[in-house]
Amino acid sequence: MVQRSLTAWFTLPGLRQPSPPTPAEAASFDALAPKLGYLSKAEIKRVRDAYRFADEAHLGQKRATGEPYITHPIAVAGICAEWRLDAQALMAALMHDVVEDCGISKAELIEKFDATTADLVDGLTKLDKLQFSTKEESQAESFRKMLLAMARDLRVILIKLADRLHNMRTMGAMAPHKARRIARETFDIYAPIAHRLGLNQTFRELQDLSFQYFHPWRHAALSKAVAKARGNRRDLVSRIEGEIRAAFAKAGLRVQVQGREKTVHSIYKKMREKGLMSFAQVSDIFGFRILTEAPLQCYTALGVLHQLYKPQAGRFKDYIANPKDNGYQSLHTTLMGPLGTPLECQVRTEGMHQIAEQGVAAHWIYKSRSKQASALVAQQANARWLQSLIDIQDETRDANEFLEHVKIDLFPDSIYVFTPKSKIMALPKGATPVDFAYAIHSDVGDHCVAAQVNGEAVPLRAELKSGDIVEIVTAPGASPNPAWLAFVRTGRARSKIRHYLRDLEQEESHELGEKMLAQAMRLEGLGLPSLEDDDGPAALIWQELATWAGSAGADQLLVDIGAGRKIAAIIAKKLARLMAEQGQKPDALALTLGRFTATPVDRGSVTIDGSEGASVQLAGCCRPIPGDEVRGYLGRGEGLVVHTCDCQVGRRLFQRDSEHWIQVEWADELTRSFEAGITLLLANGKGVLAQVAQAVAQAEADITHIAMGDEAALRETAEMSLLIAVRDRQHLADVLRVLRRAPAVQRVWRNKA
C-alpha cells in the first residue's frame, strides 16, 4: 500500500507556518505549552517556572517589531521543543538573554534552578556578548569561542541555532544594512554549522532567509517564478506522482511518497553553477522522497523506480552504505521522467529521514532503544568532528588560523577512500594523500614520504577520488614539509603541520635566545643562572625575571629573545640586578674584557653555519654569503634577519632602530651553499642560455632560478637575472670570472640592495 503525502503541495518543511498568534498569545506560556507533550508533568512545571522568571526579567522590554521581548525566548524554546530537547535546554532557551539584558547573575540561576541550566545560559550569554564585527580578528575569536562552547555541550549550539532561526524569521523590522550583515554571517557560519550537524531542514531555511536579505530582488523574482511554475507543472507532477504510487502498489511495497521542491537559494545556486540565464531553463525544481520501513527495502524501492523511469548515468549515490560525516543516510538517483524531465529522487527509511532533517537533534526525539541507536549515528559522527575541533584548538591558539581550519571543515563535500585493509575513510573533496595520512594518525602524517594510490606511486599533492585505495609510505627520520600547507584540504592536516613547524621554530628560537642572552650577560661580567635548577635560587631568579618581562616562564622568555620580541641587553641588565640582590657580583676581568671588546651594535654575537632554521633568515634584499661583512636585525616576532653591512635596506633599519641589531659572524665550517643574485647583460642570439648554464657549471656552481624580461627576444641585448648557489665570496668571484669569458656575456654584476 502506498501512503500519499502530497497534500501540502511541495511546501518546504519548516517554512509553512500556521496563522501567527496575537502578541498577547505569543507572549504567554500558552503559546509553548502544546509543544511540551513529550515532557513529564514535573519537567513542564520547571519549564513554566523558567518562563515566569524570564517574563519577569524582560518585563517592559520590546523587540524591534514592537512585540513584548518575551515572545522571542518563547519562540526559541518552541523550536527547541520541536527538536524534543530536554527540559534543561528549554529552560535555558527561555532564559538565554536574562544574564546579558537583565543583569541576572549566574549564581542567581544556580540558586533558583540548577547548575547545568545555569551553565547553558552562561554559555549562550558569552556567545551573545561577543558580537561579530567587521574586524576579522574579533570575528574569528567569536567563532572560536562559540564552537568550543558547542564542543562542551551540544545543546548550546542547538539553542543558538534556534535563536538565530527565529531572529532571521523576524528580521523584517531591522535596518537593511544591519539585516544584510546578519544574513551574510548566518549564511557563512550558522547555516554551514546546521548542515554539519545534520539539521538539514534548519540549514535550508537559514540559507533561504539569508539569501532573501542579501539578494532581495533576486529572491523575489525567483520566488514569483517558482510559484508560477508550481501552477503550470501541477498536472505533470500529479501524473508522475500517480505513476510512482501505482508502481509501488504493483510491487506490494509499503512506502510513503513525499513531494520535494528545491529552495529558492538552491535554484539560484544551480543557475549560477550551470550558467543558466533564465529560470525557464531550470527543469528539475521538483523531486520526490520515498520513505520505506527498513534499510533493505530502500534498495528494493530503488529497483522499482529504475524499472519505472530510466536512471541517468553517473547520477546515483549510496549514502546508506557510505553515510556522510554528519550521519546523513539516503539513496540518491536522478531519473528521466515523462517529457524528458529530470526527476531527482531520494530513498530512505523513516528513521533515516528523521536524522536527515533533524540531524543531531534526532538523539533527543527517539526514546525507544532500537530507534535511538539509529539516531545516534548522527551524534557519533558529529562527536568525532567536535573532538577534532578541540584537538585543533589545543594546537592553534591563533583565532584566525582556527577559523580557517573550521571553515574548511564546515563544507564537507566528501569523497570515500579505502586503506589497504579495506577500512573506509571520508575526506573532503580535493583531499590529498597527506590529508589521508593525518586522518589515519598524526604520526603517519608527520613521517609520510610517499604514497601509492591503487597500487601506483603518485605525488603527495595528487587529488584523491572516491573508491581509491591509498597506501602511505613512512620513514622514521621524515618530518612535515612546509610546502604541504599549499595543498592540504583538511583542518586536521593543516593544524598538525603548522603545530610541528611552530614547535621547531620554538626550539630554534629558544637556542638562539639562550645564546644571545649569555653573550649579553658577558658584557655584565656574569654567566647565565642554571636553567636546570628547579627549586634553588636560580629558579626564583628566572621566575621573577620572566614575570617582569611579561613572559610565561624562563623558556618562553628565551624564545621571545630569539624571536626578536625582547631585547637581550635590556633583559641582561635586569637579570644582573636580580643576581646582585642575591649577592652574585660581576667578575671584574670578564666585565673588563666584555666591555673592551664590545662594539656600538654589539648586543650579543651569533655564529652562522647554514644549519639555522626559521629563526635565522638571510635577507632577500642583499642575499649575504660567507665572506660578506654582516650584522643581524632582530625584527619583532620575525627572528634574526641577517643583512650585509653595506645593504641600503639594512642601513635604513639601523638608523631607525639601532637597539635591535646584534653582531653576526660566519662559522669556519659551513654546512651548505648559499644563494647569491647576479645580473648579466647578454648579446641576444641562439644558444645564449646554454652558454650561461655551461659557464656556471664549469665554475662548479648551480643555478636555482632564472628570470628574463618579457620583451628580451625582441632586443639586441637582454638582461638575465640568476640566483646561483655558491660556497662563499671567493666562489662567487670565480663564477663571475668564468661568465665574463662567455662570448654572449657583455657584462655581469652581483645584485645588492
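Residues numbered from 1 in each chain as written. Predicted model: local features only at pLDDT ≥ 70, side-chain atom pairs only at ≥ 80, totals over all residues. Heavy atoms only, no water.

Novice: Would you mind going over unusual backbone geometry with me for this structure?
Specialist: What is expected of a backbone is that most residues other than glycine have negative phi and most peptide bonds are trans. Residues other than glycine seldom take positive phi values, yet Asn454 does so here, at roughly 55°. Mapping Asn454 onto the fold places it in the loop between strand E10 (448–453) and strand E11 (456–458). Asn454 sits in the partly exposed class, given a relative accessible area of 46%. For Glu700, which is not glycine, the phi dihedral falls at a positive 60°. Relative to the assigned elements, Glu700 resides in the loop between helix H28 (688–698) and strand E19 (702–708). (Helix = DSSP H or I, 4+ residues; strand = E, 2+ residues; numbered from the N terminus. Buried < 20%, exposed > 50% of the residue type's maximum accessible area, 1.4 Å probe, protein only.)

Novice: Whenever I open this one, the side chain of His58 confuses me. Can you help?
Specialist: As for its placement among the helices and strands, His58 is situated in the loop between helix H2 (41–57) and helix H3 (71–82). Looking at His58, its side chain comes within polar contact range of the side chain of Gln61, at 2.9 Å. (Polar contact = N/O pair within 3.5 Å; in protein donor to acceptor, adjacent residues only side chain to side chain.)

Novice: Which parts of the structure should I look at to understand the confidence of the model for the chain?
Specialist: The predicted structure's coordinates, where accompanied by low pLDDT, should not be read in detail. Here the chain averages 78 in pLDDT, while 78% of its residues score no lower than 70. Across the chain, the secondary-structure element scoring lowest on mean pLDDT is strand E1 (residues 2–5), at 45, and the one scoring highest is helix H29 (residues 729–741), at 93. A low-confidence stretch, residues 127–135 stays under pLDDT 50, and its non-local contacts, those more than four residues away or across chains, total 23 contacts. In this model residues 595–604 is a low-confidence stretch, pLDDT under 50, and it forms 22 contacts with partners more than four residues away in sequence or in other chains. (pLDDT = per-residue confidence, 0-100. Contact = heavy atoms within 4.5 Å.)

Novice: Sorry if this is basic, but what is going on with the sheet that holds strand E20 (residues 717–726) here?
Specialist: Hydrogen bonds along the backbone pair up the strands of a sheet, which may run parallel or antiparallel. Strand order in the open sheet made by the 4 strands is E19-E20-E18-E21, with antiparallel pairing throughout. Only two strands of the sheet have a single partner each, and these edge strands are E19 and strand E21 (745–750). Across the sheet, the axes of successive neighbouring strands diverge by a mean angle of 25°, strand direction being ignored. Of the pairings in the sheet, the one linking E19 to E20 comprises 6 bridges and is antiparallel in character. In the sheet register, Asp702 faces E20, and the bridge partner there is Ala725. Packing against the sheet, H28 makes contact with strand E18 (674–683), E19 and E20, and its axis sits at approximately 25° to E20. Across the sheet, H29 is in contact with E18, E20 and E21; its angle to E21 comes to roughly 165°. (Pairing = 2+ DSSP bridges. Axes fitted to C-alpha atoms, helices over the stretch in contact; angles between N-to-C directions.)

Novice: It is not clear to me how helix H20 (residues 433–440) should be interpreted in this structure. Could you clarify?
Specialist: Side chains that are three or four residues apart share a direction in an α-helix, a result of its 3.6 residues per turn. Extensive coverage of H20 is indicated by the burial of 6 of its 8 residues. Buried within H20 we find Pro433, Val434, Asp435, Phe436, Ala437 and Tyr438.

Novice: Even after reading the chapter, I still don't get a nonpolar patch on the surface, so can you show me in this structure?
Specialist: A contiguous nonpolar patch, built from Leu689, Ile706 and Met708 and spanning about 250 Å² of accessible area, is present on the exposed surface. Position of Ile706 among the secondary structure elements: in strand E19. Ile706 sits in the partly exposed class, given a relative accessible area of 37%. (Patch = residues over 30% accessible without salt bridge, like charges linked within 9 Å, V, L, I, M, F, W, Y side chains within 5 Å. Areas by Shrake-Rupley, 256 points an atom, 1.4 Å probe, with all protein chains shown as cover. Salt bridge = Lys/Arg side-chain N within 4 Å of Asp/Glu carboxyl O.)

Novice: Would you mind showing me how to read the packing of aromatic side chains here?
Specialist: Aromatic ring pairs are described here by two measures, namely the spacing of the ring centres and the angle between the planes. One pass over the full model with this rule turns up 8 aromatic pairs. Ring centres of Phe654 and Trp661 lie 6.0 Å apart, and the angle between their planes is 75°; on these two criteria the pair is classed as edge-to-face. Here the aromatic cluster, defined as three or more aromatic residues joined through ring pairs, consists of Phe187, Phe211, Phe214 and Tyr268. For Arg672, the ring lying beneath its charged end belongs to Phe674, and the centroid distance is 4.4 Å. The aromatic ring of Trp749 is capped on one face by Arg747, whose charged end is 4.3 Å from the ring centroid. (Phe/Tyr/Trp six-rings, centres within 6.5 Å; stacked < 30°, edge-to-face > 60°. Lys NZ or Arg CZ within 6 Å of the ring centre and 35° of its normal.)

Novice: Is there a simple way to think about the pairing of strand E7 (residues 342–349) in this case?
Specialist: Regular strands have side chains that alternate between both faces of the sheet. With 8 of 8 residues buried, E7 is to be regarded as a mostly interior element. Here strand E3 (residues 286–292) runs beside E7; their pairing, made up of 6 bridges, is parallel. Paired with Arg289 across the strands is Gln346, a residue of E7. Strand direction decides the pairing type here: strand E6 (residues 331–336) and E7, joined by 6 bridges, are antiparallel. The residue of E7 that forms the bridge with His332 is Gln346. Adjacent in sequence and paired antiparallel, E6 and E7 are bridged by 5 residues, among which Leu339 carries a positive phi angle near 60°.

Novice: Looking at this model, I keep getting lost on H29. Mind explaining?
Specialist: A rise of 1.5 Å per residue sets the reference length of H29, with its 13 residues, at 18 Å; its end C-alpha atoms lie 19 Å apart and thus fit the reference within 8%. Of all the residues in H29, the buried ones are His731, Leu732, Val735, Leu736, Val738 and Leu739. Projected down its long axis, H29 shows its buried positions confined to an angular sector of 165°, all on one face. Facing away from the buried side of H29 by more than 90 degrees, the exposed set consists of Gln730 and Arg741. (Expected span 1.5 Å × (residues − 1). Arc of directions from axis to C-beta.)

Novice: Can you walk me through the sheet that holds E10 in this structure?
Specialist: Spatial ordering of the open sheet is given by E11-E10-E12, a layout of 3 strands whose pairing is antiparallel. In this open sheet, the two strands that pair with only one neighbour each are E11 and strand E12 (470–474). Shown here is a sheet whose adjacent strand axes are inclined to one another by a mean of 35°, direction ignored. Set on the sheet, H20 makes contact with E10, E11 and E12; between it and E12 the angle comes to about 80°.

Novice: Which parts of the structure should I look at to understand the pattern of salt bridges?
Specialist: When the charged atoms of two side chains lie near each other, side chains of opposite charge can form a pair. Following the criterion strictly, the structure yields 17 salt bridges and no others. Note that Asp114 is salt-bridged to Arg46, the shortest N-O span being 3.0 Å. Pair noted here: Asp114 is in the loop between helix H6 (106–112) and helix H7 (115–129) and Arg46 is in helix H2, with a separation of 68 residues, a long-range link. Classification of Asp114 as buried rests on a relative accessible area of 18%. Across the pair Glu185 and Arg164 runs a salt bridge whose closest N-O atoms are separated by 2.8 Å. Highlighted residues: Glu185 in helix H10 (residues 176–196) and Arg164 in helix H9 (residues 154–169), separated in sequence by 21 residues. Accessibility assignment for this pair places Glu185 and Arg164 in one class, buried. Within the structure, one salt-bridge network assembled from shared partners comprises Lys45, Asp49 and Arg52.

Novice: Help me out: how do you make sense of the packing of helix H22 (residues 491–522) against helix H24 (residues 554–562) in this one?
Specialist: Interaxial distance between H22 and H24 falls to 6 Å at its minimum, and their mutual angle equals 85°. In terms of orientation, H22 and H24 fall into the roughly perpendicular class. For the pair H22 and H24, the contacting residues are Gln506, Ser509, His510, Leu512, Gly513, Glu514, Met516 and Leu517 in the first and Asp555, Gln556, Leu558, Val559, Ile561 and Gly562 in the second. Partitioned by chemical class, the residues of the contact of H22 with H24 number 6 nonpolar, 6 polar and 2 charged. (Parallel < 35°, antiparallel > 145°, perpendicular 65-115°, else oblique. Nonpolar A, V, L, I, M, F, W, Y, C, P; charged D, E, K, R; others polar.)

Novice: It is not clear to me how the environment of Tyr190 should be interpreted in this structure. Could you clarify?
Specialist: Relative to the helices and strands, Tyr190 is located in helix H10. A relative accessible area of 1% means that Tyr190 is categorised as buried. Residues Tyr190 and Leu161, spaced 29 residues apart in sequence, show a C-alpha to C-alpha distance of 7.0 Å.

Novice: I tried to follow the side chain of Arg348 on my own but got confused; where do I start?
Specialist: Inspection of the secondary structure assignment puts Arg348 in strand E7. Of the polar contacts made by the side chain of Arg348, one reaches the side chain of Ser330; its length is 3.4 Å. Setting aside residues up to four positions removed in sequence, Arg348 forms contacts with Arg289, Ile290, Leu291, Thr292, Cys298, Tyr328, Gln329, Ser330, His353, Ala356 and Glu357.

Novice: Just to check I follow, could you spell out the environment of Pro338 for this structure?
Specialist: Position of Pro338 relative to the elements: it lies in the loop between E6 and E7. Its relative accessible area of 10% is what places Pro338 among the buried residues. Between the alpha carbons of Pro338 and Arg239 there is a distance of 9.0 Å; along the sequence they are 99 residues apart. Apart from the residues lying within four places of it in its own chain, the contact partners of Pro338 are Leu236, Arg239, Ile240, Glu243 and Tyr309.

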